[in-house]
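Coordinates in review
The chain contents come next:
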Amino acid sequence: MHFTFGSPFFLLLLLLLPCFLWCREHNRTYYFPKLEWAGRESALLSWEPWLKILIYTFLVVALAKPFVYDAAGNQHKKGRDLVLAIDASGSMAQSGFDEKDRFKTKYETTLDLSADFIKHRFDDNMGVVVFGTFAYTASPLTYDLEAMESMLKMTTVGIAGESTAIGDALMQAMRTLSYGEAQSKAIILLTDGYHNAGRSSPKAAVAKAKEKRIKIYTIGVGKSSDYDAALLDTIAKESGGKSYAAASAAQLKEVYKEIDKLEPSPVRGENYLNQRLLIFFPLMAAFLLLLGWVLYPKRSLLLGDGK
């Protein structure tokens, strides 16, 4: 169990405590023929200011909303293992894909939309594979999605060669997924070309994905004549995924939204679990002290008002 305050800024009111001892009060004036007849009483020696301090302190603590909570949160992630396999071949350097910014290349637009997709995955264990003539893991499976996004932005067109090795991309994505322990695993393959390089065939990669029960979602980027739509459709259907076509940045954004619905990410839990407010205790303490002060039988005599 841990202790904290819900509104700790109210504790700044405790800085006013010295006023109970040293701030002057407007009192009734008394006249004495001889000053030696009136004794001096220090505020530090009087019980009344200290009682006021206690009551005020308890009220401020109650205002700050003290509570205890159980720190044993949900440490086991419940998301899925998900790998983005992104084509970085030479054809991804073409511009005009984004209608709002015609100078941006298809690859730059893809990175921006992929980064936005990553931000909404919450507790998923995600990785990135970049492929061209060959495929490599740009980011291993990680829950640190901000770090993965940074690694993705460091890649450029042609970093893995100019050709398109779809089979190798899928194989590398499955190797990356092999380090995850989630029961649900998926690959999002994004390409704008035909399979024309690599050691592994797409057919062999799909067979392995079916064996491991890994879904593959394929996205064809650009004009339908630019990529092998039939191959992407076959890969998706045989693996239990779905195939998409995105002729523009706006369509790619919608594709990511649909995949996000088909493969929803669990919502992250709250930081404070099993909260128990403790406001009642300082309030009760302040009430009892205030009640004792009011009902104290000799209070009038101690204040000098009695006869």
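Leu-84 and Ile-219 are the most contacted members of the largest nonpolar core, which totals 31 residues. If you list the elements that add at least two residues to this core, you get strand E3 (81-87), helix H3 (106-119), strand E4 (125-131), helix H4 (145-153), strand E6 (185-191), strand E7 (215-221), strand E8 (243-246) and helix H8 (249-262). Discounting chain neighbours no more than four positions away, the residues touching Ile-219 are Ile-188, Leu-189, Leu-190, Thr-191, Leu-232, Tyr-244, Ala-246, Leu-252, Val-255, Tyr-256 and Ile-259. Among the nonpolar cores identified, the runner-up in size contains 24 residues, and Ile-166, Leu-170, Ile-187 and Ile-216 belong to it.

On to the pattern of salt bridges, then. The tally for this structure, following the rule as stated, stands at ten salt bridges. Across the salt bridge formed by Lys-153 and Glu-149, the nearest N and O atoms sit 3.4 Å from each other. With a gap of four residues between them, Lys-153 and Glu-149 both fall in helix H4, about one helical turn apart. On the accessibility criterion, Lys-153 (52% relative accessible area) is exposed. Via salt bridges that share partners, Arg-80, Arg-121, Asp-124 and Asp-260 belong to a single interconnected network.

Strand order in the open sheet formed by six strands is E5-E4-E3-E6-E7-E8, with mixed pairing between adjacent strands. Both outer strands of the open sheet, strand E5 (135-142) and E8, are each paired with one neighbouring strand and no more. The mean inter-strand angle of the sheet, taken between neighbouring strand axes irrespective of direction, is 15°. Looking at chain direction, E7 and E8 are connected through four bridges and run parallel. Counterpart to Val-221 in the pairing with E8 is Ala-246. Its contacts with the sheet place helix H7 (residues 229-239) against E6, E7 and E8, and it is angled at close to 160° to E7.

The terminal C-alpha atoms of helix H2 (residues 47-63), which comprises 17 residues, lie 25 Å apart, in line with the 24 Å expected from a rise of 1.5 Å per residue. Looking at the residues trailing H2, positive phi occurs at Lys-65, about 55°.

Here we take up the confidence of the model for the protein. Averaged over all residues, the pLDDT of the protein is 84; the fraction at 70 or higher stands at 82%. A low-confidence stretch, residues 72-77 (pLDDT under 50), is modelled with six contacts involving residues beyond four sequence positions or located in other chains. A low-confidence stretch, residues 267-272 stays under pLDDT 50, and its non-local contacts, those more than four residues away or across chains, total seven contacts.

Our focus in this paragraph is the side chain of Thr-218. Summarising the element assignment, Thr-218 is placed in strand E7. The class for Thr-218 is buried, based on a relative accessible area of 0%. A polar side-chain atom of Thr-218 sits 3.0 Å from the main-chain carbonyl oxygen of Leu-232. There is a polar contact of 3.1 Å between the side chain of Thr-218 and the side chain of Ser-243.

Next up on the list: the packing of H3 against H8. Across the interface, H3 lies against H8 with an axial gap of 10 Å and an inter-helix angle of 25°. Judged by the inter-axis angle, H3 sits roughly parallel to H8. Crossing geometry of H3 relative to H8 is assigned as right-handed. In this structure, H3 uses Thr-109, Thr-110, Leu-113, Ser-114 and Phe-117 to contact H8, whose residues at the interface are Ala-249, Leu-252, Lys-253, Tyr-256, Ile-259 and Asp-260. Classifying every residue of the contact of H3 with H8 gives six nonpolar, three polar and two charged.

A few words on the environment of Phe-134. Mapped onto the elements, Phe-134 comes out in the loop between E4 and E5. In the structure, Phe-134 is positioned 63 residues away from Ala-197 in sequence and 7.6 Å away in space, judged by C-alpha atoms. Apart from the residues within four sequence positions on either side, Phe-134 is in contact with Ile-159, Ala-160 and Gly-161.

As for its placement among the helices and strands, Glu-108 is situated in helix H3. Glu-108 sits in the partly exposed class, given a relative accessible area of 40%. Linking Glu-108 and Ala-93, residues 15 residues apart in sequence, is a C-alpha distance of 8.3 Å.

Structural remark: α-helix, 3.6 residues per turn; residues separated by three or four positions point the same way. Restricting attention to buried positions, one finds in H7 the residues Leu-231, Leu-232, Ile-235, Ala-236 and Ser-239. The arc that holds every buried residue of H7, seen down its axis, measures 130°, which confines them to one face. Residues of H7 that are exposed and point over 90 degrees away from its buried face: Ala-230 and Lys-237. Of the surrounding elements, those touching the buried residues of H7 are helix H5 (166-177), E6, helix H6 (202-211), E7 and E8. Among the residues trailing H7, Gly-240 stands out with phi positive, at a value near 90°.

Reading the values: rules and limits
- Residues numbered from 1 in each chain as written.
- Predicted model: local features only at pLDDT ≥ 70, side-chain atom pairs only at ≥ 80, totals over all residues.
- Heavy atoms only, no water.
- Core = buried A, V, L, I, M, F, W, Y, C linked by side-chain atoms within 4.5 Å.
- Buried < 20%, exposed > 50% of the residue type's maximum accessible area, 1.4 Å probe, protein only.
- Helix = DSSP H or I, 4+ residues; strand = E, 2+ residues; numbered from the N terminus.
- Contact = heavy atoms within 4.5 Å.
- Salt bridge = Lys/Arg side-chain N within 4 Å of Asp/Glu carboxyl O.
- Pairing = 2+ DSSP bridges.
- Axes fitted to C-alpha atoms, helices over the stretch in contact; angles between N-to-C directions.
- Expected span 1.5 Å × (residues − 1).
- pLDDT = per-residue confidence, 0-100.
- Polar contact = N/O pair within 3.5 Å; in protein donor to acceptor, adjacent residues only side chain to side chain.
- Parallel < 35°, antiparallel > 145°, perpendicular 65-115°, else oblique.
- Left-handed = near helix turned anticlockwise from the far one by under 90°.
- Nonpolar A, V, L, I, M, F, W, Y, C, P; charged D, E, K, R; others polar.
- Arc of directions from axis to C-beta.

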